[in-house]
Amino acid sequence: MEHNFREKLSVLVSSMYAVFLVTLGGVIALTCQNTRERHSSEIFTTIIAYVSLIWLVFFNVDLHRYKKNATDLIKQQEGMNQSNEEQLDQAANDVCNTIPSTNTEHFYGFLMGRHSGSFYLKAGMAVFCFGHMIHEGLRFGQQILSWYAEDYQCLDRPAVELHVVRPILSFYQLFIIFKYSNIIINRHRIIARFGSMHLIGTSLCNWINSLVLYAIENHVNNQQNDTTLFFINSNTSASTHYMKSDTSEVYENDALISRECYGHHVLLSPITLKTIPYLYPFTIEYNVLLAGVWLIVWQNIGRRHSQVNPHPFCQKIDIEQGIEKITYRSNFFISADCHASNKGLFAGLFLLLVSIITVIVFFVSAREKKFLAVGITIHTFQEGIVTGISLICVLIAFRQTSQLDINLHPITLLDDVLMFIPLPFFFANGIISVMTNFNGGQYVRTGIYVLIVIQVVVQTLFIVDGLRRCSNSSELQFKKPGRELVTFLIICNLSMWIINTFEHKIIEPYNKHNSYFDELGFIVTQTTHPLMLFYRFHSSVCLADVWKSAYEIGE
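For the structure given in this document, a descriptive report is provided here. (Residues numbered from 1 in each chain as written. Predicted model: local features only at pLDDT ≥ 70, side-chain atom pairs only at ≥ 80, totals over all residues. Heavy atoms only, no water.)

### Concerning the overall build of the chain
- Along the backbone of the chain there are 18 helices and seven strands.
- Here the chain, with 555 residues, has 52% of them falling under the buried criterion.
- Counting contacts in the chain only where the partners sit at least 6 residues apart, residues at least 24 apart contribute 83% of the total. (Helix = DSSP H or I, 4+ residues; strand = E, 2+ residues; numbered from the N terminus. Buried < 20%, exposed > 50% of the residue type's maximum accessible area, 1.4 Å probe, protein only. Contact = heavy atoms within 4.5 Å.)

### Some thoughts on the packing of aromatic side chains
- In total, this model carries 14 aromatic pairs according to the counting rule given.
- Consider the rings of Trp-55 and Phe-58, whose centres lie 6.0 Å apart with planes at 40°: the pair is tilted. A residue pair is termed a helical-turn pair when its members lie 3 or 4 positions apart in one helix, as Trp-55 and Phe-58 do in helix 2 (residues 38-78) at three residues.
- By relative accessible area, which is 35% here, Phe-58 ends up partly exposed.
- Judged by centre distance (5.8 Å) and plane angle (65°), the rings of Phe-128 and Phe-282 are edge-to-face. Residue Phe-128 is located in helix 4 (residues 119-148), and its partner Phe-282 is located in helix 9 (residues 276-300); the two are separated by 154 residues in the primary sequence. Of the two residues, Phe-128 and Phe-282, both sit in the buried class.
- Ring-pair connections join several aromatic residues into one group, and the members of that group are Trp-55, Phe-58, Phe-59 and Tyr-180.
- Residue placement shows Arg-483 over the ring face of Trp-547; its charged tip is 3.8 Å from the ring centre. (Phe/Tyr/Trp six-rings, centres within 6.5 Å; stacked < 30°, edge-to-face > 60°. Lys NZ or Arg CZ within 6 Å of the ring centre and 35° of its normal.)

### What about the environment of Ile-454?
- Position of Ile-454 among the secondary structure elements: in helix 14 (residues 443-466).
- Residue class for Ile-454 comes out partly exposed when judged on its relative accessible area of 41%.
- Each C-alpha atom of the pair Ile-454 and Thr-387 lies 9.6 Å from the other, and the pair is 67 residues apart in sequence.

### Examining a nonpolar patch on the surface
- Residues Phe-5, Leu-9, Leu-12, Val-13 and Met-16 make up a contiguous nonpolar surface patch of about 490 Å² in total accessible area.
- On the accessibility criterion, Met-16 (53% relative accessible area) is exposed. (Patch = residues over 30% accessible without salt bridge, like charges linked within 9 Å, V, L, I, M, F, W, Y side chains within 5 Å. Areas by Shrake-Rupley, 256 points an atom, 1.4 Å probe, with all protein chains shown as cover. Salt bridge = Lys/Arg side-chain N within 4 Å of Asp/Glu carboxyl O.)

### Looking at the packing of helix 4 against helix 5 (residues 157-180)
- Remark: helix 4 packs on helix 5, axes separated minimally by 9 Å, with the N-to-C direction vectors making an angle of 165°. With respect to each other, helix 4 and helix 5 are oriented roughly antiparallel. Both helix 4 and helix 5 take part in a crossing whose hand is left-handed.
- Class assignment of the residues belonging to the contact of helix 4 with helix 5 gives a composition of 17 nonpolar, four polar and four charged. (Axes fitted to C-alpha atoms, helices over the stretch in contact; angles between N-to-C directions. Parallel < 35°, antiparallel > 145°, perpendicular 65-115°, else oblique. Left-handed = near helix turned anticlockwise from the far one by under 90°. Nonpolar A, V, L, I, M, F, W, Y, C, P; charged D, E, K, R; others polar.)

### Here's the deal with the environment of Glu-503
- Topologically, Glu-503 is positioned in helix 16 (residues 483-507).
- Accessibility expressed as a relative area gives 0% for Glu-503, which makes it buried.
- Residues Glu-503 and Val-359, 144 residues apart in the sequence, show an inter-C-alpha distance of 7.3 Å.
- Beyond its immediate chain neighbours, meaning those up to four positions away, Glu-503 contacts Thr-358, Val-359, Phe-362, His-379 and Gln-382.

### Thoughts on the pairing of strand 1 (residues 108-111)
- The side-chain alternation of strand 1 yields two buried faces, one formed by Tyr-108 and Phe-110 and the other by Gly-109 and Leu-111.
- In this sheet, strand 2 (residues 183-185) lies alongside strand 1 in antiparallel orientation, the contact comprising three bridges. In the strand pairing of strand 2, Tyr-108 is matched with Ile-185. (Pairing = 2+ DSSP bridges.)

### Quick notes on the packing of helix 10 (residues 342-367) against helix 16
- Where helix 10 contacts helix 16, the axes come no closer than 7 Å and their chain directions differ by 10°. Judged by the inter-axis angle, helix 10 sits roughly parallel to helix 16.
- Partitioned by chemical class, the residues of the contact of helix 10 with helix 16 number 17 nonpolar, seven polar and three charged.

Printed below as a string of structure tokens:
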């Protein structure tokens, strides 16, 4: 009874700890972005990154010892030849069940099948992680160049350490998630809960901090004549927070220093290196995914599940010439039946090709002032047509997949959480965009934003329903109703992700949000854009899960 109380108490307290950490990180990120106080934000982020690294190393070493003990046990019991590494590995994983012989539960377990996670999600995380690490590397290079040029006004020493430890943590987390995202922890549960929640809090703090910096740098780049840094205008009430009596001169100087450090004389500044603003969404999206995956790991701590192996390998019995042979394969095994997908695949690839061509034409047009209107027209029709096609396909696919069976035991928590997080950002951006364009007489753009919001709502409902579908009859497994359209929608969402990633920076100044909402419109559109991009990516991940699991027997 006391043990259960401690378990439940650790769940509650670890959750409260994560809430406190995220709140503290959010407050620091929002209030410590001027030159005078930015060090506080960087030091805080560095400290929580070090704590995360300590927990990951502890967890990885403990798990490695667990597997090594199994190998030693096999050597003692079976007297195997130490040079036969393949045989040792197989036998070690086969007897991991015997290691915690004095306990009623295994130290570690590994979920199998669909419960082990989506490879598509992990591949996407790898892409976002590499983009994030490139971003961190450029930031680190910017600080090193400032030091080398003896430009000490722009040198930020705490940022140097931050841009070293954060990419190390990011890459280490990617490695752990790729290998052990399907793990169930039954050892040091209380420590594991706090460690997992700390990783969630760290990811969300980095997410908030990146959103703030993303908006600040866009503001600095677009408003070179402003006299303050943090979305301040002398004619707005927000300026009173920073420009009070004796401190006003300090913050004006901070703003001037910041613009100089972001300016053209710095080799790797956001102005001179145009790729930096495009890399921020990778950092933001990667941290959202990290938080979601660690939430699932935290939820599975101490969990009893029917689809659990005591080792990360599955036994497979092959019968050759009447002799049974036991072999092993990793749980991280990919196989796919592509029946009823070819038409949707090639239609999607055609759409992707057309989208890439129009993106190139858009960039060529946007570079010349006399063709700028043509580029804006291309973007408008491109976004409207792709959104309209995807909405029609979602409605038809919804009707077809309704023929499938209901899965009584769906695995949807992570997908549900990550699908609903971007929705408020979509709605906020849509409301402001509709009001701005309608007020400015841009009725075509107004209609497109309304269409985008409708498409997002309908697609979300379709995905939530599709994740809870299965095919228990052989007829459904053969016909696979709606699978062609699901295949097309996967690529369609990737196409929209590409369009919005590369064209948003150029088209944003012409949406004229500032003309109707002043600085508020700019803040909202800049902070919502990365999460809107994340929605498109994660929609394709969820649709890939529907593509596979909805046409198999429910687990």
